[in-house]
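These are the residues of each chain, in order.
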Amino acid sequence: MSASEPDFVRVPVLRPNRRRLNGDAAKPPEPPERSMPLLREQRAALREETATGNRRAVQRQHALGKRTARERLGLLLDEDSFVEIGTYRRHQAQGLKMGGSRPYTDGVITGSGTVDGRQVFVYAQDFTIFGGSLGAAHAAKIHRLMDLALEAGAPLIGLNDSGGARIQEGVGALDGYGGIFHRSVQASGVIPQISVVLGPCAGGAAYSPALADVTFMVWDTAQLYLTGPDVVEAVTGERVTHAELGGAEVHGTHSGVATFVHEDEESCLADVRHLLSLLPSNNLEPPPAAEERGATTDERPRLAEIVPVEAGKPYDMRAVVAEIVDDGDFLEFHTEWARNVVCLLARVDGEVVGVVGNQPIVLAGVLDADAAQKAARFVRFCDAFGIPLVTLVDVPGFLPGADQERAGVIRHGAKLLYAYCEATVPRVQVIIRKAYGGAYIVMDSHSIGGDLSLAWPTNEIAVMGAEGAVNVIFRKELAAAADPDGLRAELVAEYTEQLAHPYHAAERGFVDDVIDPAQTRAAVARGLVMLRDKRTAPPRRKHGNIPL
Ligand code: HXC
């Protein structure tokens, strides 16, 4: 062999060269003899153990309205795109009946595939094997997948259906969870992490959905809790069903852990695909853009009809959103939790945007502790993945009262402030009708870093509404007046004329432009184009201290 020949020629697996020397070139290579039975054995074992799990368990899964892990992968991924890794992995435990049962996959299928041609990494827990419980081998497979996803810069999707830590593996299982949580936090803000809860998700398993960017649950079949009903009863005496403890209603409406709730697995996994079409693969890539729609010149006269002029009259902010975004199409996060604020992904002129809006049909659109948390998390999610923010403001203020103070409205409101103050993506604010007090500041005003502030001509921006303001400023005069109502009406008119209109704010630079409502879509689209190449350099520090 000459010195110029590459090294790999010397590697013995290149048998064709040798066969040619023997005059046997036409014949396909024979695998070594001993590999044939092994191959047959493995194929049979794989068919039996990895395709379905045991038949009774599969039947039970189907009877509950659940799919098997492989069926779910079939629904989620593009056809024939799945590349599985770690199929032969098995647990090494011996005691507690484990030695006699060592199924391949160890109860989780891991690999990579594509969704609309874009790469994703996915694990699917298989409830038919040890109830999808997580032991050391199961965890190690997920760890490896997470490492690969992070290195490849591709989204990670977890299909959860698990009884939690595999009891027979003790601390090995707990260590496995720790490794998942640690990786999840390292990957946070780098690749999108999507958690889909399709069955029980108990104990340690519950923290993966909580750490994910977005969590899906399926009505009736998904449950998410730290301890099951039996343990709850033993510890507290409280008797609750699985659904009452951690069903989709609990997490979709009350706790806010579930971002999306679906009727069935098919629609759930279809929506995961839809969500992925709006997200970048990682924090260094832009979100996938669609075709431009001529939005920069698009007039929407219906907007002025949707929003009543009277500041106290309700309307659905989603109807406003539908006029501003492309095709009236949007994906709303947390539709049932903290409904007084809406958070959604949509496109404006083909570009993905995150919209935050006060919702006047719920609690008159006030901000409270839950709404602040919901919006804060959404703002941070958008900022992490380079999604510009459009904030639609129509807010009477923060909800006052002892209940809210005890619920931590200050701490949670500070989260929203923090999230906006920190966000470096393009930020456009549209003040639709009213913006009072701290809620005006927090809904992406210039003072906290908003880039472009637009206001409709009819609106009021002030410390508080005219009536309340007059009652405070002129308390003594009103008490002494012969006709307090008449005086109040006069003072309200004076206050409104002087302060409660957008030109007061525009003259002082707090608002960049007062726009015709019909031009809102066009103005937002033009603003986003103007800000497209925005770059900021955040101060050097280890990390900030968000009021968690
Ligand atoms: C080992 C488990 C298991 C587990 C279920 N199985 N959970 N095996 N470890 N954690 C097994 C069952 O023994 C059974 O095996 C099979 O999975 C199916 O379970 P069933 O109970 O028959 O199913 P079902 O009636 O649908 O009930 C599902 C369930 C229930 C609600 C999830 O199994 C359950 O309550 N499991 C325990 C949940 C739990 O407390 N997990 C530990 C959490 S502690 P066979 O052989 O009979 O088919 C934890 C700590 C980590 O996770 C904390 C880190 C922060």
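Small disclaimer: the values here were computed from a predicted structure and weren't measured. (Residues numbered from 1 in each chain as written. Predicted model: local features only at pLDDT ≥ 70, side-chain atom pairs only at ≥ 80, totals over all residues. Heavy atoms only, no water.)

Trainee: Could you clarify how one ought to interpret the overall build of the chain in this entry?
Mentor: Across its full length, the chain holds 22 helices and 16 strands. Its C-alpha atoms give the chain principal-axis dimensions of about 115 × 70 × 45 Å. Taking all 548 residues of the chain together, the buried fraction comes to 49%. When the accessible surface of the chain is split by element, carbon and sulfur atoms take 54% of a total near 26,600 Å². One finds the centroid of the 56 positive side-chain charges in the chain at a distance of 10 Å from the centroid of its 71 negative side-chain charges. (Helix = DSSP H or I, 4+ residues; strand = E, 2+ residues; numbered from the N terminus. Buried < 20%, exposed > 50% of the residue type's maximum accessible area, 1.4 Å probe, protein only. Areas by Shrake-Rupley, 256 points an atom, 1.4 Å probe, with all protein chains shown as cover. Lys, Arg positive; Asp, Glu negative; His and termini not counted. Charge placed at Lys NZ, Arg CZ, Asp CG, Glu CD.)

Trainee: Help me understand the packing of helix α5 (residues 136-152) against helix α6 (residues 171-187) in this model?
Mentor: For any two helices packed against each other, the geometry is given by the interaxial angle and the distance between the axes. Relative to each other, α5 and α6 sit at 10 degrees, their axes nearing to 8 Å. Classed by the angle they form, the pair α5 and α6 counts as roughly parallel. Across the interface between the two elements, Ala136, Ala139, Ile142, His143, Met146, Asp147 and Leu150 of α5 pack against Gly172, Gly176, Gly179, Ile180, Arg183, Ser184 and Ala187 of α6. Here the contact of α5 with α6 is composed, by residue class, of seven nonpolar, five polar and two charged. (Axes fitted to C-alpha atoms, helices over the stretch in contact; angles between N-to-C directions. Parallel < 35°, antiparallel > 145°, perpendicular 65-115°, else oblique. Contact = heavy atoms within 4.5 Å. Nonpolar A, V, L, I, M, F, W, Y, C, P; charged D, E, K, R; others polar.)

Trainee: I would appreciate a short explanation of the pairing of strand β10 (residues 341-348) in the present structure.
Mentor: Two faces belong to every sheet, and in a regular strand the side chains alternate between them. Most of β10 is tucked away: eight of the eight residues are buried. Because side chains alternate across β10, one face comprises the buried residues Val341, Cys343, Leu345 and Arg347, and the other comprises Val342, Leu344, Ala346 and Val348, equally buried. Two elements, strand β9 (residues 330-333) and β10, share four bridges in a ladder whose sense is antiparallel. Along β10, the bridge assignment pairs phenylalanine 333 with cysteine 343. Counted between consecutive antiparallel strands, the loop separating β10 from strand β11 (residues 351-358) contains two residues, among which aspartate 349 sits at a positive phi close to 55 degrees. (Pairing = 2+ DSSP bridges.)

Trainee: Looking at this structure, I do not really get unusual backbone geometry. What am I missing?
Mentor: Among all residues except glycine, the phi angle is most often negative; among peptide bonds, the trans geometry is most common. Positive phi is not limited to glycine here, since phenylalanine 130 has a value of about 50 degrees. Among the structural elements, phenylalanine 130 can be located in the loop between β3 (118-125) and α5. Residue phenylalanine 130 is classed as partly exposed on the basis of its relative accessible area, which comes to 25%. Although it is not a glycine, histidine 334 adopts a positive phi angle of roughly 50 degrees. Note that histidine 334 resides in the loop between β9 and β10.

Trainee: I tried to follow the site of the ligand on my own but got confused; where do I start?
Mentor: If you check the shell around the ligand, you find 17 residues, and the closest are Arg60, Gly131, Gly163, Ala165 and Gly204. Taking arginine 60, its side chain carries an N or O atom lying 3.0 Å from an oxygen atom of the ligand. Looking at the shell around the ligand residue by residue, the class counts come to eight nonpolar, seven polar and two charged. (Near = heavy atom within 4 Å. Polar contact = N/O pair within 3.5 Å; in protein donor to acceptor, adjacent residues only side chain to side chain.)

Trainee: How should the pairing of β11 be read in this particular structure?
Mentor: Of all eight residues in β11, seven are buried, a share of seventy percent or more. In this view, the connection linking β11 to its parallel neighbour strand β12 (residues 389-395) by way of helix α14 (residues 369-384) has right-handed handedness. (Right-handed = clockwise from strand over helix to strand, strands pointing away.)

Trainee: Hey, could you run me through the packing of α14 against helix α16 (residues 409-422) in this one?
Mentor: Between α14 and α16, whose axes approach to 8 Å, the crossing angle comes to 20 degrees. The angle between α14 and α16 falls in the class roughly parallel. In this structure, α14 crosses over α16, and the sense of that crossing is left-handed. Contact residues: α14 offers Ala369, Ala372, Gln373, Ala375, Ala376, Val379, Arg380 and Asp383, while α16 offers Val409, His412, Gly413, Lys415, Leu416, Tyr418, Ala419, Tyr420 and Glu422. Each residue belonging to the contact of α14 with α16 can be placed in one class, and the counts come to ten nonpolar, three polar and four charged. (Left-handed = near helix turned anticlockwise from the far one by under 90°.)

Trainee: Can you walk me through the side chain of aspartate 349 in this structure?
Mentor: Considering the arrangement of structural elements, one finds aspartate 349 in the loop between β10 and β11. One buried charged side chain, aspartate 349, makes no salt bridge at all; its nearest oppositely charged neighbour is arginine 521, positioned 5.1 Å away. A polar contact is formed between the side chain of aspartate 349 and the backbone nitrogen of alanine 295, at a distance of 3.0 Å. Sequence-distant contacts of aspartate 349, that is, excluding residues within four places in its chain, are made with Glu291, Glu292, Arg293, Gly294, Ala295, Thr296, Asp326 and Arg521. (Salt bridge = Lys/Arg side-chain N within 4 Å of Asp/Glu carboxyl O.)

Trainee: What is the right way to look at a negative patch on the surface in this model?
Mentor: Residues Asp483, Glu490, Glu494 and Glu497 make up a contiguous surface patch of negative charge. Turning to its location among the elements, glutamate 494 is positioned in helix α20 (residues 484-498). Take glutamate 494: its relative accessible area is 42%, and that puts it in the partly exposed class. (Patch = residues over 30% accessible without salt bridge, like charges linked within 9 Å, V, L, I, M, F, W, Y side chains within 5 Å.)

Trainee: Just to check I follow, could you spell out the pattern of salt bridges for this structure?
Mentor: Between side chains of opposite charge, a pair can form when the charged atoms approach closely. According to the stated counting rule, one finds 27 salt bridges in the structure shown. Here aspartate 394 makes a salt bridge to arginine 433, at a shortest N to O gap of 2.9 Å. Here aspartate 394, found in strand β12, pairs with arginine 433, found in strand β13 (residues 427-436); they are 39 residues apart in sequence, far enough to count as distant. Aspartate 394 gets classed as buried once you look at its relative accessible area, which sits at 0%. Its salt-bridge partner being aspartate 444, residue arginine 427 comes within 2.5 Å of it at the nearest N-O pair. In this pair, arginine 427 is assigned in strand β13 and aspartate 444 in the loop between α17 (437-442) and β14 (452-455), connecting sequence segments 17 residues apart.

Trainee: Help me out: how do you make sense of the nonpolar core in this one?
Mentor: As a rule of thumb, soluble globular proteins bury nonpolar side chains together. Counting residues in hydrophobic clusters, the biggest one holds 65 residues, and the most contacted among them are Ile157, Val196 and Leu345. At eight residues, the largest contribution of residues to this core is made by α14. For isoleucine 157, the contacting residues outside a window of four places in its chain are Leu76, Val120, Phe121, Val122, Tyr123, Ile194, Val196, Val272 and Leu276. Ranked by size, the runner-up nonpolar core spans 30 residues in total, among them Val325, Ala346, Val348 and Leu452. (Core = buried A, V, L, I, M, F, W, Y, C linked by side-chain atoms within 4.5 Å.)

Trainee: I tried to follow α14 on my own but got confused; where do I start?
Mentor: Because each turn of an α-helix spans 3.6 residues, side chains separated by three or four positions end up pointing in the same direction. Over its 16 residues, α14 runs 23 Å from end to end, which matches the ideal 22 Å to within 8%, given 1.5 Å per residue. Of the residues making up α14, those classed as buried are Ala369, Ala371, Ala372, Lys374, Ala375, Ala376, Phe378, Val379, Phe381, Cys382 and Asp383. Just past α14, the residue glycine 386 takes up positive phi, approximately 65 degrees. (Expected span 1.5 Å × (residues − 1).)

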